[in-house]
Amino acid sequence: MDLPLVLNTLMLLTLATLSTPIILPLLSDNLKNTPSTITNTVKTSFLISLIPMTIYIHSNMESLTSMWEWNFITNFKIPISLKMDFYSLTFFPIALFVSWSILQFASWYMASDPHITKFFSYLLFFLIAMLILIVANNLFILFIGWEGVGIMSFLLISWWHGRADANTAALQAVLYNRVGDVGLILCMAWLASSLNTWEIQQIASPAQAPTLPLLGLILAATAKSAQFGLHPWLPAAMEGPTPVSALLHSSTMVVAGIFLLIRTHPMFSSNPTALTLCLCLGALSTLFAATCALTQNDIKKIIAFSTSSQLGLMMVTIGLNLPQLAFLHISTHAFFKAMLFLCSGSIIHSLNGEQDIRKMGGLQKMLPTTTSCLTIGNLALMGTPFLAGFYSKDAIIENLNTSYLNTWALLLTLLATSFTAVYTLRLTLLVQTGFTRIPPLSPVNENNPAVLSPITRLALGSITAGFLITSFILPTKTPPTTMPLSIKITAIIVTALGIALALELSKMTQALILPKQNSFSNFSTTLGYFNPLTHRFTITNLLNGGQNIASHLIDLSWYKMLGPEGLASLQLMVSKTMTTLHTGQIKAYLGAFALSILIMLVSTY
Amino acid sequence: MSSLHLSFYSAFVLSSLGLAFHRTHLISALLCLESIILSIYVALTIWPIQTQTSSSTILPILILAFSACEAGAGLALLVASTRTHGSDHLHNFNLLQC
């Protein structure tokens, strides 16, 4: 059997199967979509995409397909080239598995929505754009996918567009992503002008790459993956429905920035400046997000900040020159983060729209499956040994501890790991345990297979994915093999310290002590004062500058005052002064005559 | 300057100032105008004698002719104003006064 043919054909068949619900209704009026057809389409694509992954695991076969070439200008051709290597072959089944589960869940979650089919089409369109991004070998195709996921994110966040907060959040997402797009376009322009190509194969330079395109790529990743500085859009994006948060803002879209850095990694590996920048930026992001998550009360915001923190951890891994480990963390993180969001969606619907964890409690007896899976997800997030998160997170922290790098970044990451344990445990304790604080008449019901099977499927993935992926994939760089015992168990010790701290703090909440405000809790609650400072300051300066330059300087000054109107006002002033002299009396004229005679007399003297 | 030049120069200046400062009657202005013309005539007569260019001797004759016309025009204005206003006071010429 011709394995390369099977590999390529089945990958393209996956993409083609996903596009059928979009194309077929355009061709005929009888073929209308329903949520169940779209869910089944994604399930079929998932099953088809398992075969190329199996071929890769069996014979380590990668493939590079190049179709029709766009002759952009002479000497610069852009082929449609798709790269089926370890990253795309492994990410396709994972993304499709998670999307299938989310779509199945969404058919229950959005059942009361009149435009549910449009919702599903949007999610499908997003998925196609994301997969195009993953499989692209060419920065041009990647850019198409990049913009596609950005636009679908905008449309999906503002799904309930009657709500002003949702519109603001969607606008925020688009504006921040646009800033990152500038970075990506900068890199593309630099590559086109100096290397005359946009292919990923041709941009691996053995010598030290100039820093400018790398800075552009880091800017693009900062915006798309919500690193510190361009991060406010991710917590605000929780205004969208829970399936949107689960698919876009936890598993797939936000990892696009990290994925871009993984794809262009050969350029990074020889530039220590860019690597250090990634490291420090990632460490700062992970600590900042973990600090903000400590005092949030909205269940979706806590999970959003934990996503942001894990994205910072992925950026740290890129900064350590370990792209494969970052990809492993992306894959395992997709499972448990999507599951956490689906569990929170089930809880929110069961409590009739309640999202505040201070009004939940004791749900373990009322929603047994959901809360068990929530516990599994939280344990995986914390990096509990041998669940999915452990294989990637512990490996990252081991590599951090044993490599020669910035100590500040290391300390920040360890502190963020312990904070992860703190807010995760806080979430679990407040939502599941203790006495219940929900209103008496809540429609608590999880007895729907559309709810239970996605969540349990993802729970199975959260437990086994790390083990399966690390068993079947050979690492490209040798992991650190020996280290002192204290270094080896650093991650677990730090997590255990976080758990102990959280348990102590939760005991304090049950004693009637007045909570005091101090600067740290204020910093955490207001998300680091970042949003008001940057939004108002930047916008005010921009608008003031714009008004000064465009309106005051050009319109009013140049065109009016120094031009016609100024001339007119000067003339008016002069003529008003001169009018008093024109009296029309002969005496004045004769006086002028006498003056001229006297001047003549004086001048000839 | 020589006393000859001083004579017609001072006549000219004094009559111009007189034209400017006699503000009651039109006839005093006309008289001063006549003395201006007279001083110009004298200056123009002395000039070809001083520079010995005999071809310029026609100039005083021309000035005389023009001054006669001008005096006639001035007197006609005087008569017209006396006929309309009853006197030749200069404050009657006030059509252009704003």
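Residues numbered from 1 in each chain as written. Chains lettered and ligands numbered in written order. Predicted model: local features only at pLDDT ≥ 70, side-chain atom pairs only at ≥ 80, totals over all residues. Heavy atoms only, no water.

K.L.:
Lay out the interface of chain B and chain A with the relevant residues and their values.
P.N.:
Each partner contributes residues to the interface: chain B has 14 residues there, and chain A has 15 residues. Between chain B and chain A, a total of about 1,200 Å² is buried, with carbon and sulfur atoms accounting for 73% of that surface. Broken down residue by residue, the surface that chain B buries against chain A is led by Tyr9, Arg23 and Gln97 of chain B, which jointly contribute 35%. Joining chain B to chain A, the criterion identifies zero salt bridges. Across the side of chain B that touches chain A, the residue classes tally to 11 nonpolar, two polar and one charged. (Contact = heavy atoms within 4.5 Å. Buried area = accessible area lost by both parts, 1.4 Å probe. Salt bridge = Lys/Arg side-chain N within 4 Å of Asp/Glu carboxyl O. Nonpolar A, V, L, I, M, F, W, Y, C, P; charged D, E, K, R; others polar.)

K.L.:
Break down the domain arrangement of chain A for me, citing the residues and quoting the values.
P.N.:
All names here are of chain A. Taken domain by domain, chain A holds domain 1 (3-513), domain 2 (514-554) and domain 3 (563-604). Taking only C-alpha atoms, the centre of domain 1 and the centre of domain 2 are 29 Å apart. Listed as interface residues are 15 residues of domain 1 and, on the opposing side, 11 residues of domain 2. A buried area of about 940 Å², summed over both sides, lies between domain 1 and domain 2, and 62% of it is on carbon and sulfur atoms. Across the domain 1-domain 2 interface, the total number found is zero salt bridges. Where domain 1 packs against domain 2, one counts four residue pairs in polar contact (both at pLDDT 80 or more). Contributions of two or more residues to the side of domain 1 that touches domain 2 are made by α6 (164-194) and α12 (272-293). With three residues, α12 is the largest single contributor of residues to the side of domain 1 that touches domain 2. (Domains from an automatic or database assignment. Polar contact = N/O pair within 3.5 Å; in protein donor to acceptor, adjacent residues only side chain to side chain. Helix = DSSP H or I, 4+ residues; strand = E, 2+ residues; numbered from the N terminus.)

K.L.:
How would you explain empty space enclosed by the protein if you had to name every residue and give the values?
P.N.:
Residues and elements named next belong to chain A. Scanning the model with the defined rule gives two cavities of 30 Å³ or more in all. Considering only enclosed or pocket space, the largest cavity measures out at about 50 Å³ in volume. Every residue along the wall of the largest cavity is listed here: Thr286, Ser309, Gln310, Leu313, Lys393, Thr413, Ala416, Thr417 and Thr420. If you tally residues by element for the lining of the largest cavity, the top one is helix α18 (residues 407-432), at four residues. Grouping the amino acids of the lining of the largest cavity by side-chain chemistry returns two nonpolar, six polar and one charged. (1 Å grid on protein atoms, 1.4 Å probe; cavity = no way out; pocket = protein on both sides within 12 Å on 5 of 7 lines; lining within 4 Å. Points joined across faces, edges and corners; volume = space filled by probe spheres on them.)

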